[in-house]
Structures are given as structure tokens and as C-alpha cells.
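A look at the structure
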Amino acid sequence: AGENQGLAIYDRCSLFAHSCIPSCRFEIDRDTGDMELYANRKLNPSEELTISYLAEKELRWSKQDRQAKLLRLWGFRCQCPKCEPTPPFNAGSLSFSVNARRSGV
């Protein structure tokens, strides 16, 4: 109640994937209705441009709460690096398998 809410369709920006740690943010020019996209950090040339489908305050919610809202409103379970972090590389297991092959194990 009391919040301005709306729905807009932007043909190109609708192709941006969601991330809970988005590489970009967007703003809507109230006078023209144009959408302006800004990088949140320095981007690599091949890095995917992502935006958040959640409001800024919702990004601070627990993973469970973020996941529930995304599933309810957009029908997907987020698998971004904040929600599904990549396990750290374990060099020990790699060297073990290499050594095992060399010794014929």
C-alpha cells in the first residue's frame, strides 16, 4: 500500500538473466520511459550482463526467502553464485588422481 508499482515490457532488457549479485542495475527515466543500464562493477568482455528481478532490500533476504519469491513470481529457482556457490577447487584431489594413474592404481 502506498508504493508505486508497475509493469513494463522492454524487448531487449527482458533478455537479461537474474542474479542475486547482479552485474548491472537499471533505472527508468520517468520523463521518457527509457531504461538506462549501469554496470555495478568493472565487467570482463565476455561476462554475462545480469540484473536483479528483486528489489534492493530483497537481495538482503535469506536465500530461502529470495528463492521462494523468485519461484512464486517468475517460476524459477535461482542458481546464481550467491545462491549456489561453486565449491572451492581442491588441488589435492587432482594431484591424487594424477599420481594414482602414474602408479597404475
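Residues numbered from 1 in each chain as written. Predicted model: local features only at pLDDT ≥ 70, side-chain atom pairs only at ≥ 80, totals over all residues. Heavy atoms only, no water.

What follows covers the environment of D34. Note that D34 resides in the loop between β2 (24–28) and β3 (35–39). Not counting chain neighbours up to four residues away, the residues in contact with D34 comprise E27, I28 and D29. (Helix = DSSP H or I, 4+ residues; strand = E, 2+ residues; numbered from the N terminus. Contact = heavy atoms within 4.5 Å.)

This paragraph deals with a nonpolar patch on the surface. On the surface, a nonpolar cluster with roughly 290 Å² of combined accessible area is contributed by F26, I28, L37 and L49. As for its position among the elements, L49 is in the loop between β3 and β4 (50–51). Looking at L49, the relative accessible area reads 35%, which means it is partly exposed. (Patch = residues over 30% accessible without salt bridge, like charges linked within 9 Å, V, L, I, M, F, W, Y side chains within 5 Å. Areas by Shrake-Rupley, 256 points an atom, 1.4 Å probe, with all protein chains shown as cover. Salt bridge = Lys/Arg side-chain N within 4 Å of Asp/Glu carboxyl O. Buried < 20%, exposed > 50% of the residue type's maximum accessible area, 1.4 Å probe, protein only.)

Before going further, it helps to examine the pairing of β2. Relative to β3, β2 runs antiparallel, the two sharing 5 bridges. Counted as the bridge partner of F26 is L37 from β3. Remark: 6 residues form the turn of the hairpin made by β2 and β3, two consecutive strands paired antiparallel; G33 in that turn has positive phi of roughly 80°. (Pairing = 2+ DSSP bridges.)

Evaluated as defined, the whole model comprises 2 aromatic pairs. Ring centres of Y53 and W74 lie 5.6 Å apart, and the angle between their planes is 55°; on these two criteria the pair is classed as tilted. With a gap of 21 residues between them, Y53 in the loop between β4 and α1 (63–74) and W74 in helix α1 connect regions that are remote in the sequence. Assessed through its relative accessible area of 41%, W74 is described here as partly exposed. Centroid distance Y53 to F76: 5.9 Å. Interplanar angle 85°. Geometry classified as edge-to-face. Of this pair, Y53 sits in the loop between β4 and α1 while F76 sits in the loop between α1 and α2 (91–102), and the two are 23 residues apart along the sequence. Three or more aromatic residues joined by ring pairs form one cluster here, namely Y53, W74 and F76. (Phe/Tyr/Trp six-rings, centres within 6.5 Å; stacked < 30°, edge-to-face > 60°.)

With that settled, consider the pattern of salt bridges. Note that side chains of opposite charge can pair when their charged atoms are close. Per the counting criterion, the structure on display carries 5 salt bridges. For R25, the salt bridge identified is with E27, shortest N-O distance 3.9 Å. The salt bridge involving E47 is made with R41; its shortest N-O contact spans 2.6 Å. By sharing partners, the salt bridges in this structure join K63, R77 and E84 into a single network.

Turning our eyes to something else, we now look at α1. Counted at 1.5 Å a residue, the expected span for α1 with its 12 residues is 16 Å, and the 16 Å between its end C-alpha atoms agrees. Along α1, the positions that sit buried rather than exposed are R66, Q67, K69 and L70. Viewed along the axis of α1, the buried residues span an arc of 165°, placing them on a single side of the element. α1 presents Q64, L71 and R72 as exposed residues on the side facing more than 90 degrees away from its buried surface. Close packing links the buried residues of α1 with β1 (17–18). (Expected span 1.5 Å × (residues − 1). Arc of directions from axis to C-beta.)

By themselves, these observations are geometric and do not establish any function.
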